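Observations on the three-dimensional arrangement
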Amino acid sequence: MDDISGLIPEGAGLSKLASGATWAEGPVWLPDRRAVRFSDIPGNRVLEYFIDSETLEVYRTDAEFTNGRTLDLDGSVIECSHGRRAIERDVNGTVTTVVDSWNGHRLNSPNDVVVKSDGTIWFTDPAYGISRPQEGHPGKEEYADHFVFRFNPDTQTVQPVVMDVVMPNGLAFSPDETILYVADSSVDPPRRAGGALTGCGHSIHAYDIVDGLRAKNGRSFVEVSPGLPDGFRVDQSGNVWTSSLDSVQVFSPAGELLGRIPVPEKVSNLCFGENGMLFITASTSLYAIETTARDAVADRRQHRPYEARR
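Keep in mind it's a predicted model, so treat the numbers as computed, not measured.

Turning our attention to the sheet that holds strand β12 (residues 113-115). Here 4 strands make up an open sheet; going across it, the order is β12-β13-β14-β15 and the pairing antiparallel. Each having just a single partner strand, β12 and β15 (157-162) make up the two edges of the open sheet. Pairs of neighbouring strands in the sheet enclose a mean axial angle of 25°, with direction left out of account. One ladder, built from 3 bridges, connects β12 with strand β13 (residues 121-124); its direction is antiparallel. Of the residues in β13, the one forming a bridge with Val114 is Trp122.

This is the structure we're talking about:
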């Protein structure tokens, strides 16, 4: 393991917690259940690993190829559905649609999602769920592109906020929410408009957030190699912990590579749990390693039942 500037306690090592998925993705830590919920996308099911009993259970089958997920401010689960081409809310197994269209067109296949401290829901919308039969249902790109969207649940409005990434995938805010990071997992060459870089696979882009609404000044933050950036998280110090082909890579807010955590399978995504535990989905398995970091968004969540705010 590379030196990660004190982010991994001395003696800590990577542990495999569970296996048996086809392609593990979309992990989120559920504090009330003391479990990690994640998807087996081609297996069309949702799994939960309970850390106290060290058991893996099937949470839901026929899950319509869910992918990334996060917690809303009230603790309910917001998830991306490839199959239903929608952002959904899961409350104790009851799933409802949050948003599934923009400007009269169906979404492609929402991939990853974050909730800002003002309650707005930001999500990426590449085409993997309609272009890869094992990850969804074949379909048409109805708005003919791949955007990052912002959904306001108060006004029920959805608007594109990032339109210049070829295939937007993972996303996360900086701790103060002034920067939005977006992974481009495309394998296409960069597109240029008026001489400006508008897409670059293998990289994470950074955008300034203006008035909490608009993403401006897009630029390349880091290039991830080997492999592609998929899911990632930001810690309270602003470090970016990202997936890659063979490891979790950790970058400082300035884009400096602090180190790598080697993983024996292809890494898809990750999330922080309690006391800095980092959970990693990689190909068929779920891994964990102790860290000294803390999730940048942990303090925004109240963990109250969804019904309690009504």
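Moving on from the coordinates now.
Moving on, we get to the sheet that holds strand β28 (residues 285-290). Strands sit in the order β1-β28-β27-β26 across an open sheet of 4 strands; the sheet is antiparallel. At either end of the open sheet lies a strand with only one pairing partner, and these are β1 (15-18) and β26 (267-272). Pairs of neighbouring strands in the sheet enclose a mean axial angle of 30°, with direction left out of account. As defined by bridge partners, strand β27 (residues 277-282) adjoins β28 across 6 bridges and the pair is classed as antiparallel. Paired with Ala282 across the strands is Ser285, a residue of β28.

Conventions adopted
- Residues numbered from 1 in each chain as written.
- Predicted model: local features only at pLDDT ≥ 70, side-chain atom pairs only at ≥ 80, totals over all residues.
- Heavy atoms only, no water.
- Pairing = 2+ DSSP bridges.
- Helix = DSSP H or I, 4+ residues; strand = E, 2+ residues; numbered from the N terminus.
- Axes fitted to C-alpha atoms, helices over the stretch in contact; angles between N-to-C directions.

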